Amino acid sequence: MSDSDTPTDSPTTATEPVAGQDVTGATGSAQEVIEVKRGSFGVSGTGDTSGFGGLVDTIETAPAAERPYGGWFDDATDELELALTDRGLPATEAIERVVIEHGEITYHVRREHLIPFVTALRDEPALRFEWCSGVSGVHYPDFVGKELHAVYHLTSITHGRSIRVEVSCPDTDPHIPSIVSIYPTNDWHERETYDFFGIIFDGHPALTRILMPDDWVGHPQRKDYPLNGIPVEYKGATVPPPDDRRGYN
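Residues numbered from 1 in each chain as written. Predicted model: local features only at pLDDT ≥ 70, side-chain atom pairs only at ≥ 80, totals over all residues. Heavy atoms only, no water.

S.K.: Could you give me a rundown of the overall build of the protein, with the residues and numbers involved?
M.R.: Of the regular secondary structure elements, the protein holds 4 helices and 12 strands. Restricting the contact set of the protein to residue pairs at least 6 apart, pairs at least 24 apart contribute 51%. (Helix = DSSP H or I, 4+ residues; strand = E, 2+ residues; numbered from the N terminus. Contact = heavy atoms within 4.5 Å.)

S.K.: If you had to explain the pattern of salt bridges to someone new, which residues and values would you point to?
M.R.: Under the definition given, this model contains 11 salt bridges. The partner of Asp-78 in a salt bridge is Arg-67, and the shortest N-O contact between them spans 3.0 Å. Placement of the pair is Asp-78 in helix H1 (residues 73-86) and Arg-67 in the loop between strand S3 (56-60) and H1, with a sequence separation of 11 residues. With a closest N to O distance of 3.0 Å, Arg-222 and Asp-171 form a salt bridge. Remark: Asp-171 occurs in the loop between strand S8 (161-169) and strand S9 (175-177) and Arg-222 occurs in the loop between strand S10 (200-202) and strand S11 (232-234); sequence separation between them is 51 residues. Through salt bridges with shared partners, a single ionic network connects Arg-67, Asp-74, Asp-78 and Glu-81. (Salt bridge = Lys/Arg side-chain N within 4 Å of Asp/Glu carboxyl O.)

S.K.: I'd like a description of the sheet that holds S8, backed by residues and values.
M.R.: Strand order in the open sheet made by the 5 strands is S4-S5-S8-S7-S6, with mixed pairing throughout. What marks the edges here is a single partner per strand, and that holds for strand S4 (95-101) and strand S6 (131-139). Strand-to-strand twist across the sheet, computed as the mean angle between neighbouring axes with direction ignored, equals 20°. Here 8 bridges tie S6 to strand S7 (residues 148-156), and the two strands are oriented antiparallel to one another. Bridged to Gly-134 within S7 is His-153. (Pairing = 2+ DSSP bridges. Axes fitted to C-alpha atoms, helices over the stretch in contact; angles between N-to-C directions.)

S.K.: How would you sum up the packing of H1 against helix H3 (residues 114-123)? Please name residues and give values.
M.R.: For the pair H1 and H3, the least separation of the axes is 10 Å and the interaxial angle reads 125°. Viewed along their axes, H1 and H3 adopt a mutual orientation that is oblique. The element H1 and its partner H3 pack so that their crossing is right-handed. Of the residues in H3, those touching H1 at Leu-80, Ala-83 and Leu-84 are Pro-116, Phe-117, Ala-120 and Leu-121. Residues belonging to the contact of H1 with H3 are distributed by class as follows: 7 nonpolar, no polar and no charged. (Parallel < 35°, antiparallel > 145°, perpendicular 65-115°, else oblique. Left-handed = near helix turned anticlockwise from the far one by under 90°. Nonpolar A, V, L, I, M, F, W, Y, C, P; charged D, E, K, R; others polar.)

S.K.: Lay out the packing of aromatic side chains with the relevant residues and their values.
M.R.: By the definition in use, this model includes 3 aromatic pairs. Between Trp-72 and Phe-73 the ring centres are 4.7 Å apart and the planes differ by 70°, which places this aromatic pair in the edge-to-face class. Look at Phe-73 and you get buried, because its relative accessible area is 9%. (Phe/Tyr/Trp six-rings, centres within 6.5 Å; stacked < 30°, edge-to-face > 60°. Buried < 20%, exposed > 50% of the residue type's maximum accessible area, 1.4 Å probe, protein only.)

S.K.: Explain H1 to me, and be specific about the residues and the numbers.
M.R.: In this model H1 runs 20 Å from its N-terminal to its C-terminal C-alpha over 14 residues, within 8% of the 20 Å that 1.5 Å per residue would give. Buried residues in H1 make contact with helix H2 (91-94), S4, strand S5 (104-109), H3 and S8. Just past H1, the residue Gly-88 takes up positive phi, approximately 80°. (Expected span 1.5 Å × (residues − 1).)

S.K.: Break down the environment of Gly-145 for me, citing the residues and quoting the values.
M.R.: Mapped onto the fold, Gly-145 is located in the loop between S6 and S7. Spatially, the C-alpha atom of Gly-145 lies 7.1 Å from that of Asp-171, the residues being 26 residues apart in sequence. Filtering out sequence-adjacent residues up to four positions away, Gly-145 remains in contact with Cys-169 and Pro-170.

S.K.: So what's going on with unusual backbone geometry? Which residues, and what values?
M.R.: Looking along the chain, the bond that leaves Arg-67 and enters Pro-68 is cis, with omega of -5°. Mapped onto the secondary structure, Pro-68 falls in the loop between S3 and H1. Of note in the backbone geometry, His-102 takes a positive phi value of approximately 55° without being a glycine. Mapping His-102 onto the fold places it in the loop between S4 and S5. Residue Arg-128 is not a glycine yet carries a positive backbone phi of 50°. As for its placement among the helices and strands, Arg-128 is situated in the loop between H3 and S6. Residue Arg-128 is classed as partly exposed on the basis of its relative accessible area, which comes to 31%.

Structural data, given as structure tokens:
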């Protein structure tokens, strides 16, 4: 093999996407590049002997859906837009985009409009999403300005429908309004998301850690959280953290 055939971790070329860039997906809708991964197994430089050093994997946002959505999605969205307008909030101001994937609909909502948005979902008779089963956190370290996401799962028992609501916030300002006043079942779920991801839910009645000790440093489910572990005491013996252990002598 000649030197020119040797696989290397080459720098980004003009034809490769970069994080933060808008691209056009297969559906023709605009997508934003969250991250571009190169190589495999986290190896960089000359140490990659896997043969996968030339791989380029682009992580993109899901494309925005276009009308008609199909099924009951159009009727529900029409009712939602009317309900928001009645509350003095234009739907185009509250909703960043709508995504439909795998037969499910997700509304990406601007955080400052989350409270009136979910209130309309709960109270509008044609919608009646009475139950929020919880909120989950997501961390995209390279998604500049939208590193932290809160994803809510709502169900209408009246109409037999389920939707998602997704809200993002920057790592430098990790604040999202609490919806406990609208959906009280979110009390512990917001505490868990705060505990593991560091999202601060403004207005929560008692936003404290729920699984980790009160004095724990960091948020364990963030992707930038160190994985080396901590020593554990067990019946008088000490088990070293994983990165200090040896599998053989």
